[in-house]
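Structural characterization, general
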Amino acid sequence: SAPTTHYSAEMGKKGKASTSATDELERQIREIKLKQEAALRAVQQAAEELDCKQREVSVAEQDLSKAVKERDEADGAINSSIKIMKGDDKVIAQLAEGLEKDGYAYVDGFCGEPLATYVRDELRILHRDGKLHQSELAGGKTGENVRYKMSKVRGDVVAFVRGEEEGCGNLNLYKEYADQIVLRVQDKVQELQGVTVQRGNLMVTCYPGGGEENEDCGKGGPCRYVYHCDNPDGNGRVLTTLLYLNPEWEEEHGGHLRIFPQDADGSNRRGAVDVAPLHDRFLIFYSDRRNPHEVMPSKAPRYAVTTWYYDKDQRDRAVEQVSTGAAEADIEAKRILGEIQKFESQTGASPQEVKVNPKRLAAVRDTDIKGVIDVAAVAGTRSNIILDGSAEGAGGAGGAGPRAGKVFDLEE
């Protein structure tokens, strides 16, 4: 029995040792788990702190970006103000040289940023708010004769503004700067010496073009303005200026202004010149027969500001001539009706609307033009005939001028 007892005692010792080892292992495992949990909490805390720091960095970066933008805008506003006060000598010299040499000239970066973008934003808001309306054609020398709307001929939507209206503050800044540039250019161009220059209202415009070739303008198709001259008949316009506002313009969008430079009598014609409607590009050209032009089909919305500068003496003569000469006005009305007839034949479309001054009814009575058949008889029933003696300032395919009272003297 002694060996058996010894064996049992040995087994008891081993069992106690085994239990002790297991307890120690479990203790170590618990310590490891505690350390793991502590490490995990430390990692999580570090991650949270990192996220917090990253958010702080992001906020700081946004604040920095905002501060830089505000600084740049302030710099731009200061530069714009300086330009408005004294003009830009390099720009003035370039425009004057181009006018004397070619009859037209343009410069890029005219307003600078942020003013150019701010002006575009104001145009887009006017467009969005329904303030731009289909443009009118003709109107004669004073804008008060027969006028019509025909999107196949001229597809832009427009509004005339002085720059003093609510929401047009940046347009007003542009107007003041452009006036100073035009006055300084006048000083350098021999032909303009001694001319009393006046300015009409700003015409803000959009050609709402699209890329659907088989659709009409305004319905997804391209929009254009046919070949015409701004002052074919002594309406007073001496200079035409445009500021293009299309930062996303691409070559395939079209909408170029195609100028056909020539002498005033139509001789010595040069090759056509295409001017792309690039953002912040400023174009100036003589308004008379030296620069007939057209807007090529635009397949994307095309924004611009057009301004006409007038020779006061020529304009006064035009207003007096038409205002006092009924025969002259009747001849002018018949010419405009002939223009409508020509475009009907060319496009296969009739005007969307014709406005006739009651004083001109005798001149248009019994015409066979589809859009104005017997105006006196149908004016009360035909939806596209309107008896109206007012004009905001038509711009005809043959040229026209805003009525008297819509032209302003320039101030130094």
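Residues numbered from 1 in each chain as written. Predicted model: local features only at pLDDT ≥ 70, side-chain atom pairs only at ≥ 80, totals over all residues. Heavy atoms only, no water.

**Side note on the state of the cysteines**
Taken as a whole, this structure holds 1 disulfide when the rule is applied. Disulfide pairing is shown between Cys217 and Cys223; the S-S distance is 2.1 Å. Around the S-S axis, the bridge from Cys217 to Cys223 shows a dihedral of about 100° and counts as right-handed. Judged by relative accessible area, which is 15%, Cys217 ranks as buried. When its relative accessible area of 1% is taken as the criterion, Cys223 is described as buried. (Disulfide = S-S within 2.5 Å. Buried < 20%, exposed > 50% of the residue type's maximum accessible area, 1.4 Å probe, protein only.)

**Brief notes about the environment of Gln314**
By the element assignment, Gln314 lies in helix H5 (residues 312–324). For the pair Gln314 and Thr196, spaced 118 residues apart in the sequence, the C-alpha separation amounts to 9.7 Å. Setting aside chain neighbours within four positions, we find Gln314 in contact with Asn231, Gly234, Asn235, Gly236 and Arg237. (Helix = DSSP H or I, 4+ residues; strand = E, 2+ residues; numbered from the N terminus. Contact = heavy atoms within 4.5 Å.)

**Things to note about the environment of Pro358**
Here Pro358 shows up in the loop between strand S15 (353–356) and helix H7 (361–364). Pro358 sits 213 residues away from Asn145 along the chain, and the two C-alpha atoms are 9.5 Å apart.

**Here's the deal with the packing of aromatic side chains**
Here a ring pair, both rings aromatic, is described through the centre-centre distance and the interplanar angle of the planes. Under the criterion given, the structure shown has 4 aromatic pairs. A ring pair is formed by Phe110 and Tyr174, whose centres lie 6.3 Å apart and whose planes are at 75°; its orientation type is edge-to-face. Within this pair, whereas Phe110 is found in the loop between strand S1 (104–107) and helix H3 (115–128), its partner Tyr174 is found in helix H4 (residues 169–188), the two being separated by 64 residues in sequence. With respect to burial, Phe110 and Tyr174 carry one shared label: buried. Members of the aromatic cluster, joined through ring pairs, are Phe110, Tyr174, Tyr177 and Phe282. One residue, Arg237, lies across the ring of Trp308, its end atom 3.7 Å from the ring centre. The ring of Tyr286 carries the charged tip of Arg290 above its face, separated from the ring centre by 3.9 Å. (Phe/Tyr/Trp six-rings, centres within 6.5 Å; stacked < 30°, edge-to-face > 60°. Lys NZ or Arg CZ within 6 Å of the ring centre and 35° of its normal.)

**Structural notes on the packing of H5 against helix H6 (residues 326–347)**
Closest axis-to-axis distance for the H5/H6 pair is 5 Å, and the angle between their directions is 95°. Overall, the two elements H5 and H6 adopt an arrangement that is roughly perpendicular. For the pair H5 and H6, the contacting residues are Gln321, Val322 and Thr324 in the first and Ala326, Glu328, Ala329 and Glu332 in the second. For the contact of H5 with H6, the residue count by class is 3 nonpolar, 2 polar and 2 charged. (Axes fitted to C-alpha atoms, helices over the stretch in contact; angles between N-to-C directions. Parallel < 35°, antiparallel > 145°, perpendicular 65-115°, else oblique. Nonpolar A, V, L, I, M, F, W, Y, C, P; charged D, E, K, R; others polar.)

**Section: the packing of H3 against H4**
Where H3 contacts H4, the two axes come as close as 8 Å, and the packing angle between them is 125°. With respect to their mutual orientation, H3 and H4 come out oblique. Crossing of H3 over H4 shows left-handed handedness. Counting all contacts with H3, which are made through Leu115, Tyr118, Val119, Glu122, Leu123 and Leu126, the residues of H4 involved are Gly169, Asn170, Leu171, Leu173 and Tyr174. Its residues assigned to classes, the contact of H3 with H4 shows 8 nonpolar, 2 polar and 1 charged. (Left-handed = near helix turned anticlockwise from the far one by under 90°.)

**Considering the sheet that holds strand S11 (residues 273–275)**
With antiparallel pairing, the 4 strands of this open sheet are ordered in space as S8-S13-S10-S11. This sheet does not close on itself; its edge strands, each paired only once, are strand S8 (223–228) and S11. With direction set aside, neighbouring strand axes in the sheet form an average angle of 25°. Judged from the 3 bridges that link them, strand S10 (residues 257–259) and S11 form a sheet pairing that is antiparallel. The residue bridging Ile259 from the neighbouring strand is Val273, located in S11. (Pairing = 2+ DSSP bridges.)

**Let's talk about the side chain of Thr307**
Relative to the helices and strands, Thr307 resides in strand S14 (residues 301–311). Taking relative accessible area as the criterion, Thr307 reaches 1% and is therefore assigned buried.

**Some details on the nonpolar core**
The tendency in soluble globular proteins is for nonpolar side chains to be buried side by side. Formed by 43 residues in total, the largest nonpolar core has its most connected members in Leu95, Phe110, Leu171, Tyr174, Val204, Leu239 and Val305. No other element matches H4, which puts 7 residues into this core. If near-sequence neighbours (up to four positions away) are discounted, Leu239 is found in contact with Leu99, Val182, Leu192, Ile284, Phe285, Tyr286, Ser287, Thr307, Trp308 and Tyr309. Listed in part, the 29 residues of the second largest apolar core include Leu137, Leu257, Val275 and Leu283. (Core = buried A, V, L, I, M, F, W, Y, C linked by side-chain atoms within 4.5 Å.)

**Some words on H6**
Each turn of an α-helix holds 3.6 residues, which means side chains three or four residues apart point in the same direction. In this model, H6 (22 residues) spans 31 Å end to end at C-alpha, consistent with the 32 Å of a helix rising 1.5 Å per residue. Buried residues of H6: Ala329, Glu332, Ala333, Ile336, Leu337, Glu339, Ile340, Phe343 and Glu344, and no others. End-on view of H6: buried residues confined to an arc of 150°, all on one side of the axis. Counted as exposed and oriented over 90 degrees from the buried face of H6: Ala327, Ile331, Lys334, Ser345 and Gln346. Phi turns positive, to about 75°, at Gly348, one or two residues after H6. (Expected span 1.5 Å × (residues − 1). Arc of directions from axis to C-beta.)

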